[in-house]
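Report on the structure
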Amino acid sequence: MPALGADMEAGTVLQWLVKPGDAVKRGDIVAVVDTEKATIEVEIFQSGVVEKIVVPEGEKVPVGEVLAIIRADGEAAAPPPAEKPKPAAAPPSPRPAARPPAPPPTGEQAPAPPATKAAAVAPSVEKPKAPPPPARPEHPRLRISPLAMRVALELGVDVSKVKGTGLDGAITRADVERAAKAAAPTPAKVAAPEAAPKPAPVTPPVEAPKAPAPPKPAVSPAERQAMMRKAIAAAMGRSKREIPHYYLSTEIDMSRAMEWLRAGNLKRPVTERLLYAVMLLKAVALAVREVPEMNGFFVEGAFKRSEEIHVGVAISLRTGGLVAPAIHDVDKKSLSEIMVNLRDLVKRVRAGVLRSSEIADATITVTSLGEEGVETVFGIIYPPQVALVGFGKIVERPWAAGGMVGARPVISATLSADHRVSDGHRGALFLAAIARILQEPEKL
Amino acid sequence: MTDDEIKALVLGELKKIAPEAETGGIDPAVDLREQIDLDSMDILNLAIAIHAATGVDIPESDYPEMTTLDRAVAYLRPRIKK
Amino acid sequence: MSAQAKTVRITYREAMRQAIREALQRDPRVFLMGEDVGKYGGCYAVSKGLLEEFGPERIRDTPLSESAFVGAGIGAAMGGMRPIVEIMTVNFSLLALDQIVNNAATILYMSGGQFNIPLVIRMTTGAGRQLAAQHSHSLEGWYAHIPGLKILTPATLEDARGMLWTALEDPDPVLIFENGALYNMEGEMAADAGAVDIDKAAIRRPGTDISLMTYGGTLGKTLEAAAELARAGVNAEVVDLRTLRPLDDATILDSVTRTHRALIVDEGWRSGSISAEISARIMERAFYELDAPVARVCSAEVPIPYAKHLEDAALPQVPAIVEAARAMVGEHG
């Protein structure tokens, strides 16, 4: 059971979208899980074949519990009769899906700090109550040198498949590099070489199965709301207890941005029109590149900066509560791509179906309450993130520039940041960067 | 298309856009944003859906015409062919 | 052979004597004192002939009281002299521990910066000559624990020749540990060899597969081991620490960052040793560069035995260094 949020303790398996024997690829949605906050589509991080479903539909289990066992490509199937008596324990040879996988070299599922990463069916290392991941009895822990692990992460090598030749069979850098070389020459999307001829395993679609008859939630809407309230209370309480917030605010002249957007939208068909929100998201992501200490996670007493920029978008629910799923790699996407992502995200939030990576991956959050007419937002950081940017409503204001006063559309941008990680000076530079970037909308 | 048909169309699309909203008791004269908390994304999605269903391309400057059910019907009536 | 590259054949003992002689010639404040340094010429014959050359004012035999003559050295240093105090062996220096640790190392601090102690103490360290547990220990790592001291371990002819003058120039107490097994080491040295720096480790042999870190008496054995490893296809780098306090972290970490493996060879005992300190620093600051756990080859945890075969077995030896290194590098480099 993946940790699908900072304070999730347990989840209910609503539906399995795969069955034993199915081939799965990294990124496939394999199950639907109900948490206090939402119905989440759980993605798998490991290509292979479903060996066994451990937790049946309808069962609620704590975070960290093994949900299913995936046999990695190329691994031999477990001998069926030699089934271990303990149901939750993995058979010796298949790789338990609970082992945190190595992140891929590229692709939308970008690596994030391991401590906060909710691997597909992986346990959260933060939860002490979670049972330890099942392990090969002869090797309770992977023997790998720190350097080899680092190189494996860089090269996207799945270390569980690497044979160690170092001290006592430890995996060394040379072993990892050999494995990387042996892997497919195009390591991009294909997670593992499909060397073994398979009985025509139709690659499951990476997209969510379109409305797979939305699984019936295990709880009533009222209960769901109460649970979500509880989850938000826990996360926000923890944030205010642990994170020394500081707040900065600035007003941004949006005249150029709004004019550029209006002119552009005139030319775009209705299906491709942009909302100004995407400009704000992109501006935040680009500003993060200049002030990277806004982007990442504070875990185990230290800031872990994220190379990837996954912007969490706070989306409120009409039924109460909110979620802040991530749009991945916002800094690298065009406004149109971000718009497509945002629309899709809002649609699925409304329908109550999110994916695990979206829930856990955000490295910074943006919230906008302008729609409600609010002018300034002072938000609470979503832990373990370290910054949150709030935008208010765009209002016409007298604005003096070059000795002239004119009416300009103005938006207030606020920064809530973690003082353990950054200081006001850097925060100010960050806000200034957002403001500056928004003055050149054509470059977004 | 009759007014009732247009109304049913808009309501049907709203239901898809905001499945968790209570669309049953909507007052056609009152602002939808107040009644079911529509935001700009929802309005845009409504425009896209209406375009797909009727071929009417609502320019951004006309989005305010979508703010109540009555205004939407009045706006769409002359623009929907036949 | 060109004029610039002119070399002389010399022993470590003779290089050290040249260094002392040069210091006595260059600076009238310099004098040498210790047990038997004058008439007897030094227990290890380092100061042989100096009494005749410089006279009893500057080459002073002392009573057999380490505490007394080290204390006198501290006083002389405070009074403006530049004393070189010779202690026969590191074992005997323990009799002067109070003077070294409680006085020499602290007076600058405790006087609020008013008094420097420009004192140099030379002493013999190490085993391998069947002198048994009274004369054979390697306690330089212990002294490296003490703030206020600098700890030098010359392992080459050049360092024996060049470290003393730089140490005398230092305004604070410097301890020079001369491994007794090195005095008879003979080799070619530049005829014009002179002062050397005392704050950098030196790479005595560049390599790519593993860093062998050592100092003093085990440098020769480690270089020998590296040569043997090369024959087995393992390209080992040998780092001569030279100074144990302050440690040259930059060179140590840089070497590990290039080779990703570190093996420390130390004639001291393993527990609470300088090798433990180096290992900890590598762990603290280069953990993610490591492709194998840091390993150590140290002396057996016994008082150094007298019997030859036992003494040999207790000390780090070439085969043990080679074996440890090969295990770390694995099936191939």
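Up top you'll find the structure we're talking about.
Residues numbered from 1 in each chain as written. Chains lettered and ligands numbered in written order. Predicted model: local features only at pLDDT ≥ 70, side-chain atom pairs only at ≥ 80, totals over all residues. Heavy atoms only, no water.

Let's talk about the overall build of chain A
Scanning chain A for helices and strands turns up eight helices and 19 strands. Taking the contacts inside chain A whose residues are at least 6 apart along the sequence as the reference set, 66% of them involve residues at least 24 apart. On chain A, roughly 19,700 Å² of surface is accessible, and the fraction owed to carbon and sulfur atoms is 59%. (Helix = DSSP H or I, 4+ residues; strand = E, 2+ residues; numbered from the N terminus. Contact = heavy atoms within 4.5 Å. Areas by Shrake-Rupley, 256 points an atom, 1.4 Å probe, with all protein chains shown as cover.)

A closer look at the overall build of chain B
Counting its regular elements, chain B contains four helices and zero strands. N-terminal to C-terminal, the α/β element order of chain B is α-α-α-α. Residue pairs in contact within chain B that sit at least 24 positions apart in sequence constitute 52% of those at least 6 positions apart.

Description of the pairing of strand β19 (residues 404-418) of chain A
Here is the key point about a regular strand: its side chains alternate between the two faces of the sheet. Residues and elements named next belong to chain A. Judged from the nine bridges that link them, strand β8 (residues 245-253) and β19 form a sheet pairing that is antiparallel. Bridge assignment links Tyr247 to a residue of β19, and that residue is Ser416. Bridge analysis of strand β17 (residues 387-391) against β19 gives five bridges, and the strand direction is antiparallel. Bridging from a neighbouring strand, Val389 pairs with Leu415 of β19. Where strand β18 (residues 395-401) lies against β19, seven bridges are found, and the strand directions are antiparallel. Note on β19: the bridge partner recorded for Ala400 is Val405. Linkage of β18 to β19, two consecutive antiparallel strands, is achieved through a turn of two residues, within which Gly402 is found at a positive phi near 60°. (Pairing = 2+ DSSP bridges.)

Side note on the pattern of salt bridges
Per the counting criterion, the structure on display carries 46 salt bridges over all chains. The partner of Arg348 of chain A in a salt bridge is Asp344 of chain A, with the nearest N and O atoms 3.0 Å apart. Separated by four residues within a single helix, Arg348 of chain A and Asp344 of chain A lie in helix α6 (residues 335-351), roughly one turn from each other. In this structure, Asp159 of chain C engages Arg204 of chain C in a salt bridge whose closest nitrogen and oxygen atoms are separated by 3.1 Å. Note that Asp159 of chain C is positioned in helix α8 (residues 157-169) and Arg204 of chain C in strand β9 (residues 202-205), a separation of 45 residues in sequence. Several salt bridges share partner residues, and in doing so they unite Asp159, Asp197, Arg204, Asp240 and Arg242 of chain C into one network. (Salt bridge = Lys/Arg side-chain N within 4 Å of Asp/Glu carboxyl O.)

Overview of the nonpolar core
Core analysis: the biggest nonpolar cluster contains 106 residues, and Phe430 and Ile434 of chain A together with Leu76 of chain B have the highest contact counts within it. It is helix α5 (residues 276-290) of chain A that provides the largest number of residues to this core, a total of eleven residues. Dropping the residues within four chain positions of it, Phe430 of chain A is found in contact with Val284, Ala287, Val288, Val291, Met294, Ile364, Val389 and Leu415 of chain A. (Core = buried A, V, L, I, M, F, W, Y, C linked by side-chain atoms within 4.5 Å. Buried < 20%, exposed > 50% of the residue type's maximum accessible area, 1.4 Å probe, protein only.)

A short note on helix α4 (residues 255-267) of chain A
All names here are of chain A. An ideal rise of 1.5 Å per residue puts 18 Å on 13 residues; α4 measures up with 19 Å between its terminal C-alpha atoms. Inspection of α4 places Ser255, Ala257, Leu261, Gly264 and Asn265 among the buried residues, and these make up the whole buried set. Here the buried face of α4 lies against β8, α5 and β19. (Expected span 1.5 Å × (residues − 1).)

Quick word on the interface of chain A and chain C
Each partner contributes to the interface: chain A provides twelve residues, whereas chain C provides 13 residues. Both faces combined, the contact of chain A with chain C buries some 1,100 Å², and carbon together with sulfur accounts for 56% of it. Contact with chain C buries area across many residues of chain A, yet Pro146, Leu147 and Leu167 of chain A alone supply 47% of it, more than any other trio. The tally of links between chain A and chain C comes to one salt bridge. As a salt-bridge pair, Glu289 of chain C and Arg150 of chain A come within 3.0 Å of each other at their nearest N and O atoms. In this structure, the connection of chain A to chain C is made through seven residue pairs in polar contact (both at pLDDT 80 or more). At the level of secondary structure, the elements contributing two or more residues to the side of chain A that touches chain C comprise α1 (146-155) and α2 (173-182) of chain A. (Buried area = accessible area lost by both parts, 1.4 Å probe. Polar contact = N/O pair within 3.5 Å; in protein donor to acceptor, adjacent residues only side chain to side chain.)

So, the packing of aromatic side chains
Under the criterion given, the structure shown has five aromatic pairs over all chains. Look at Tyr247 of chain A and Phe378 of chain A: their rings are 6.0 Å apart centre to centre, the planes differ by 90°, and that puts the pair in the edge-to-face class. Residue Tyr247 of chain A is located in strand β8, and its partner Phe378 of chain A is located in the loop between β16 (364-368) and β17; the two are separated by 131 residues in the primary sequence. One aromatic cluster in this structure is built from Tyr12, Tyr44 and Tyr183 of chain C. Just above the ring of Phe298 of chain A sits the side chain of Arg420 of chain A; from NZ or CZ to the centre is 3.7 Å. (Phe/Tyr/Trp six-rings, centres within 6.5 Å; stacked < 30°, edge-to-face > 60°. Lys NZ or Arg CZ within 6 Å of the ring centre and 35° of its normal.)

Focus on the sheet that holds strand β5 (residues 48-53) of chain A
The three strands are arranged β2-β5-β7 (chain A) in an open sheet whose pairing can be described as antiparallel. At either margin of the open sheet sits one strand with a lone partner, and together these are β2 (23-24) and β7 (68-72) of chain A.

A look at the interface of chain A and chain B
By a widespread convention, an interface's size corresponds to the accessible area lost as its parts come together. Residue-level contacts link 17 residues of chain A with 22 residues of chain B. Each partner contributes to the roughly 1,700 Å² buried at the junction of chain A and chain B, and carbon and sulfur atoms together form 54% of this total. Connecting chain A to chain B are one salt bridge. Arg273 of chain A is the partner of Asp57 of chain B in a salt bridge, and the nearest nitrogen-oxygen pair spans 2.8 Å. Scanning the region where chain A abuts chain B turns up five residue pairs in polar contact (both at pLDDT 80 or more). Listed by contribution, the elements that provide at least two residues to the side of chain A that touches chain B are α4 and α6 of chain A. The greatest single-element share of the side of chain A that touches chain B, amounting to six residues, is contributed by α6 of chain A. The residue makeup of the side of chain A that touches chain B, split by class, is seven nonpolar, three polar and seven charged. (Nonpolar A, V, L, I, M, F, W, Y, C, P; charged D, E, K, R; others polar.)

Observations regarding unusual backbone geometry
Here Pro383 of chain A and Pro384 of chain A are connected by a cis peptide whose omega angle stands at 5°. One can find Pro384 of chain A in the loop between β16 and β17. Here the bond from Arg245 of chain C into Pro246 of chain C is cis, since omega is -5°, no more than 30 degrees from zero. Tracing the backbone through its elements, the reader meets Pro246 of chain C in the loop between β12 (243-245) and α10 (249-259). The backbone phi angle of Arg242 of chain C is positive, close to 65°, even though this residue is not glycine. By the secondary structure assignment, Arg242 of chain C is in the loop between β11 (236-240) and β12. The exposure class assigned to Arg242 of chain C is buried, which follows from its relative accessible area of 4%.

Quick word on the side chain of Thr218 of chain C
All names here are of chain C. Tracing the backbone through its elements, the reader meets Thr218 in the loop between β10 (210-214) and α9 (219-231). Judged by its relative accessible area of 0%, Thr218 is buried. Not counting residues up to four positions away in its chain, the partners in contact with Thr218 are Val265, Glu267 and Pro316.

Remarks on the packing of α10 of chain C against helix α11 (residues 274-286) of chain C
All names here are of chain C. Two numbers describe how α10 lies on α11: the axes approach to 10 Å, and their chain directions differ by 65°. Relative to α11, the element α10 is oriented roughly perpendicular. Seen from above, α10 lies across α11 with right-handed handedness. Each of Asp249, Ile252, Leu253 and Val256 in α10 lies in contact with α11, whose residues at this interface are Ile278, Arg281, Ile282, Arg285 and Ala286. (Axes fitted to C-alpha atoms, helices over the stretch in contact; angles between N-to-C directions. Parallel < 35°, antiparallel > 145°, perpendicular 65-115°, else oblique. Left-handed = near helix turned anticlockwise from the far one by under 90°.)

Details of α8 of chain C
By the largest-angle criterion, Met163 of chain C marks the main kink of α8 of chain C, which is about 35°. In terms of burial, α8 of chain C is a largely internal element, eleven of the 13 residues being buried. (Bend = angle between axes of the 7 residues up to and from the residue.)

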